Each structure stands twice: as C-alpha cells, then as structure tokens.
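The chain contents come next:
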Amino acid sequence: MRCCAHILNLIVRDGLHELSENVTAIRNAVQYVRSSTSRCDSFEQKVVSGKMTRGSLPLDIKTRWNSTYLMLSRAIDFRVAFDRMEAEDKMYNDYFNEVEIEKTKIGPPTRADWNVVERLVRFLIIFYNSTLVVSASTSVASYKCYGEIVTIERNLMSLSNSIDSELKSKADVMLLKFDKCWDGFRNINVFLIVASVFDPRKKIQFAKMCFDKLYGKDTTDSKEMSESITTFLTSLFKEYSNRLQKVPSGQSSQSSTQTSTSLSQGESTDLMSDSMGYERMDFVYKELVDEIGVDDGRDELDVYLKEKVENPRTIVGSEWDVLSWWRLNSGRYPVLSEIARDVLAMQVSSVASESAFSTSGRVIEPHRSCLTHYRVEVLICTQQWMKNENHLGEKGVVMNTQLLVDIELLDKPEKGMAKPTLFILSSFNG
C-alpha cells in the first residue's frame, strides 16, 4: 500500500510549484517583518492601527508545504497591515529592490498575489488536515484513512463547481491528479474501506454514507459499492472462521474461555427440587436449551453490523481508543477481533518511520561525528521518549527525569555498551 501522506504531498507540491512566485512575494514580506525587532514593532503598529487581531506571523520552511500553509493563512489575516507597510514604509519597499542572485527580490505582494494565495489556501487546508490525521505516529490511523480520502474528493468536487473560473480550473487539475494517484477512485484498496467498518463508531453506515456522497444517494453505483463491501466482509469473515477452527481449541478460544470463566465464578445457590408439581422456570428453560438449543441464526458479523454504533464521550484533547474497544469485546466477537487486529495494523503512512531514520542526520553531523554508537542510541531514544506523552498515575511508568538520571549514572566508558542500553529500555517499559 502506498503512503497516503506521500500522495498528498506530491499533489500539493505540484500546485505550489505553479504558484511559486506569488508565494515567494508573501514569504519575502514575512521575512522582512521578522528580520529585526524594529521592523516587527513597525508592523505591529500597522496591525493595531488597522484594528486587526494581534497574533504570531510564522516564517515557513521552503521544503515543508504544511509550514507554508500556516504562514500564508496567517499572512492573509494581516493583509491590510502589509498594504499599509507598502504605502507608508520606505525601508519596506527598498528591501525588495535589493539584488539577490543577480535579480531583485520578488515583491512586495500585489493584489493579484493575495488573490492567488487566498485561492491556494482553500486547497491547502483540505490537504493539511488530512495529512495530520493519516501521518499520526502515536495512534492507529488505518480506519481514518478512507474518510480523509472521501473528504478530499468531496471538497475538490465542490471547488470544481465554483463560479470562480480560476478556482474551478485549479480544482479540476488537482481532482484529476488525486484520482490518478489512487488508480481511479473505484479501484481504491478495499481494505481501506474495511478498516473504517471496524471502527465501532462508524461500522458500515459510514462507508454507505461516503458512497452516497460520492455517487449520489440510492444510485446504482452507490448500491453496487455497498454490496461489494458487504460481500467482501462476508468472505473475509468466513476465511478467518475457517482458519481459527483449524487452530487447537485451547489457543483459538483462549480469550473467550477466559471471559466465560470469569463470568461463571459467581456465588452458587443450591436450590431444592420437588417432584410434587413444583416447577421452576429456570429449570424448564435449561431443559429446553439442552433439547433444541437457542440460536438467533446470526453470526458475529451480522450482530456487529446491526447493533447500534458506539457514541462515546471523550475528554477534549483526547482520542477514543479503538484497539481497547476490540480488546474488551474480543469475547463477544472472537473472529472479528482477529480480523480487526490485522486490518487496523495496516500502515497507511511511512512518515513516522522515515522521520525516525532522518533523526540520525541531525544527531551525527559534520561538527559532531565522533559519537559512539551507544551515545547515538541514547540520544535518539531519549529524544523519542521525551516526545511521548507520559501517563501520570499509571503504575510502572518511568518519568523523563528518572530516565535522564539513569542515563547519567550509566553513561560511563568502562561499562559495557549493551548492558546499560537494556537496562534503560527495561526501565522505560516498566
């Protein structure tokens, strides 16, 4: 499966390349404001006099389009201030007359530049939010991917129907590239859709809603997509059921056995029986079950899909854990929980792993290239641990300060390389 974040990155970069001069004009204006305290104060006076809301004005990193989006979105808010700088500040205008690589700097931003960038931001926000979701490195993202793809598709389709001819033209080009990257939207990897079904908050209702949004409600295409997904889920369920039946019962039903055992460990009551016409309903029911059994004729998949979707209340800033839900409900859905474990483990983005490898380039640099492999490992691991969220109150969790203390105590050349590393890892894992 291709990296979703890379696909979005390629599409956005093509769009930015075509508008590089318009973006550069605004980047140069932002760079001028941020280059000294006096210029920043002068710009702030223009903001206050223009009765605009004060705020930060970040400068982007040219190789990272997400930072370019943040810069442009903030610069648009201060457009009036930049126009006043051009009308009232001579140094601001002289700055763009300076020669840079045998030509003057691009800028100051004109009305045409601002109009082009405002259209561009409407595209970038679509890809920016979706990139944040699919490139998450501390949580499962496979079940979110299809929703983000449909979100992008729908918004591009909406912009392609705009009355603004330039906006419509740009949306048509991006929509064509987006469909091409996914090999046609109807040929998308079916497991991306299946992963969304294994989110208990969405199930198959979410996929059906997406089909209706893309192809029209109750259309032939929408119904065909719904039927194909249902058929695929059924065949997948049968395959896993047959596979688990071949596994020894002690292994295949371990979780369900534990659950049923824990439920049966209640207080027993020795009830008296009487043959003189005394009848207990629970005894009668037990005899009925022993004779014919009680079965509603539905398998796990039918039960899961027809039950109400989960609607959990989460704390602001926190995310609902879909893996924990499947772990808690593995007794009810032993086969589906196995499918969920495999499907949700799909990597839809390689950003996290590539970022981990690129970190070494910032640790071992030309001015710091004599580090031992042990010290490099300590630096990289410590950096990653400090980025992770420490859950206070959980038993066995070691805080960052304790990790640093352990590293300082163990960081001695006379001690072995492997042994301290293992100790640190064991301390972190608790």
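Residues numbered from 1 in each chain as written. Predicted model: local features only at pLDDT ≥ 70, side-chain atom pairs only at ≥ 80, totals over all residues. Heavy atoms only, no water.

## Thoughts on the overall build of the protein chain
What counts here: For the purposes of this entry, the term helix denotes a DSSP run of H or I that reaches at least four residues, the term strand denotes a run of E that reaches at least two, and both are numbered from the N terminus. The cut-offs for exposure are 20% and 50% of the maximum accessible area for each residue type, with area from a 1.4 Å probe on protein chains only; residues under the lower value are buried, those over the upper are exposed, and the others partly exposed. Each accessible area is a Shrake-Rupley estimate made with a 1.4 Å probe; only the visible protein chains count as cover when residues are assessed.
For the protein chain, the helix and strand inventory stands at 22 helices and 0 strands. Every one of the 430 residues in the protein chain was classed for burial, and the buried ones make up 36%. Approximately 26,800 Å² of the protein chain is accessible, and the part contributed by carbon and sulfur atoms is 53%.

## Things to note about the pattern of salt bridges
Side-chain pairs of opposite charge can arise whenever the charged atoms involved come near each other. Filter applied, for reference: Take a side-chain nitrogen of Lys or Arg and a carboxyl oxygen of Asp or Glu: if they are within 4 Å of each other, that pair is a salt bridge.
Under the defined criterion, the tally for this structure stands at 12 salt bridges. Between Arg119 and Asp164 there is a salt bridge, with the nearest N and O atoms lying 3.0 Å from each other. With Arg119 in helix α7 (residues 111–134) and Asp164 in the loop between α8 (142–160) and α9 (165–181), this residue pair connects regions lying 45 residues apart in the sequence. Between Arg201 and Asp199 there is a salt bridge whose closest N-O contact spans 3.1 Å. Given a relative accessible area of 29%, Arg201 falls into the partly exposed group.

## A word on the environment of Arg119
Using the following cut-off: In what follows, a contact means two residues having at least one pair of non-hydrogen atoms within 4.5 Å.
Judged by its relative accessible area of 21%, Arg119 is partly exposed. In contact with Arg119, not counting residues within four places along its chain, are Asp164, Glu166 and Leu167.

## Structural notes on the nonpolar core
Our working rule: Definition of nonpolar core: a set of buried residues of the types Ala, Val, Leu, Ile, Met, Phe, Trp, Tyr and Cys, connected through side-chain atoms within 4.5 Å.
Phe82, Phe127 and Trp326 are the most contacted members of the largest nonpolar core, which has 97 residues in total. When residues in this core are grouped by element, the largest group, 11 residues, is from α7.

## Here we look at empty space enclosed by the protein
Put simply, the test is: Lining residues are defined by having an atom within 4 Å of a point belonging to a cavity or pocket. Those points lie on a 1 Å grid over the protein atoms alone, cavities being sets where a 1.4 Å probe fits but cannot get out and pockets being open sets with protein on both sides within 12 Å along at least five of seven lines. Grid points are joined across faces, edges and corners, and a volume is the space filled by probe spheres set on the points. Residues are grouped as follows: Ala, Val, Leu, Ile, Met, Phe, Trp, Tyr, Cys and Pro are nonpolar; Asp, Glu, Lys and Arg are charged; all remaining types, including Gly, are polar.
Taken as a whole and assessed by the stated rule, the structure comprises 2 cavities of 30 Å³ or more. Taken as a whole, the second largest cavity holds about 40 Å³ of empty space. As for the second largest cavity, its lining consists of Cys4, Leu8, Ser130, Val134, Cys145, Glu148, Ile149, Ile152, Phe178 and Trp182. Those elements giving two or more residues to the lining of the second largest cavity turn out to be α1 (4–18), α7 and α8. Looking at the lining of the second largest cavity, its residues break down into 8 nonpolar, 1 polar and 1 charged.

## A few points about the packing of helix α10 (residues 190–197) against helix α11 (residues 203–215)
This is how the line gets drawn: Inter-axis angles, ranging from 0 to 180 degrees, are taken between N-to-C directions of lines fitted to C-alpha atoms, where helices are fitted over the stretch in contact. Here roughly perpendicular refers to angles of 65 to 115 degrees, roughly parallel to angles under 35, roughly antiparallel to angles over 145, and oblique to all remaining angles.
The N-to-C vectors of α10 and α11 enclose an angle of 130°; their axes lie 7 Å apart at closest approach. As far as their axial angle goes, α11 and α10 are oblique. Residues Ile193, Ser196 and Val197 of α10 lie in contact with α11, whose contacting residues are Lys203, Ile204, Phe206, Ala207 and Phe211. The residue makeup of the contact of α10 with α11, split by class, is 6 nonpolar, 1 polar and 1 charged.

## Focus: the confidence of the model for the protein chain
Spelled out, the test is: Summary of the metric used: pLDDT quantifies the predictor's per-residue confidence within the range 0 to 100.
The predicted model of the protein chain averages 76 in pLDDT, with 72% of residues at 70 or higher. In the model of the protein chain, helix α22 (residues 418–429) stands out as the element of lowest mean pLDDT, 41, in contrast to helix α18 (residues 334–343), which has the highest, 91. This stretch, residues 389–398, has a pLDDT under 50; its non-local contacts, to residues over four places away or in other chains, come to 11 contacts. Contacts from residues 413–430, a stretch scored under 50 in pLDDT, to residues over four places away or in other chains number 24 contacts.

## A few points about helix α3 (residues 37–49)
The test is simple: To estimate how far a helix should extend, the number of its residues minus one is multiplied by 1.5 Å. This arc corresponds to the set of directions leading from the helix axis out to the C-beta atoms.
Compared with an ideal rise of 1.5 Å per residue, which puts 13 residues at 18 Å, α3 spans 18 Å between its outermost C-alpha atoms and is within 8% of the ideal. All of the buried residues in α3 are Ser42, Phe43, Lys46 and Val47. One side of α3 holds all its buried residues, which, seen down the axis, span an arc of 145°. Among the exposed residues of α3, those pointing more than 90 degrees away from its buried face are Thr37, Ser38, Gln45 and Val48. Packed against the buried residues of α3 are α2 (20–34) and α5 (79–88).

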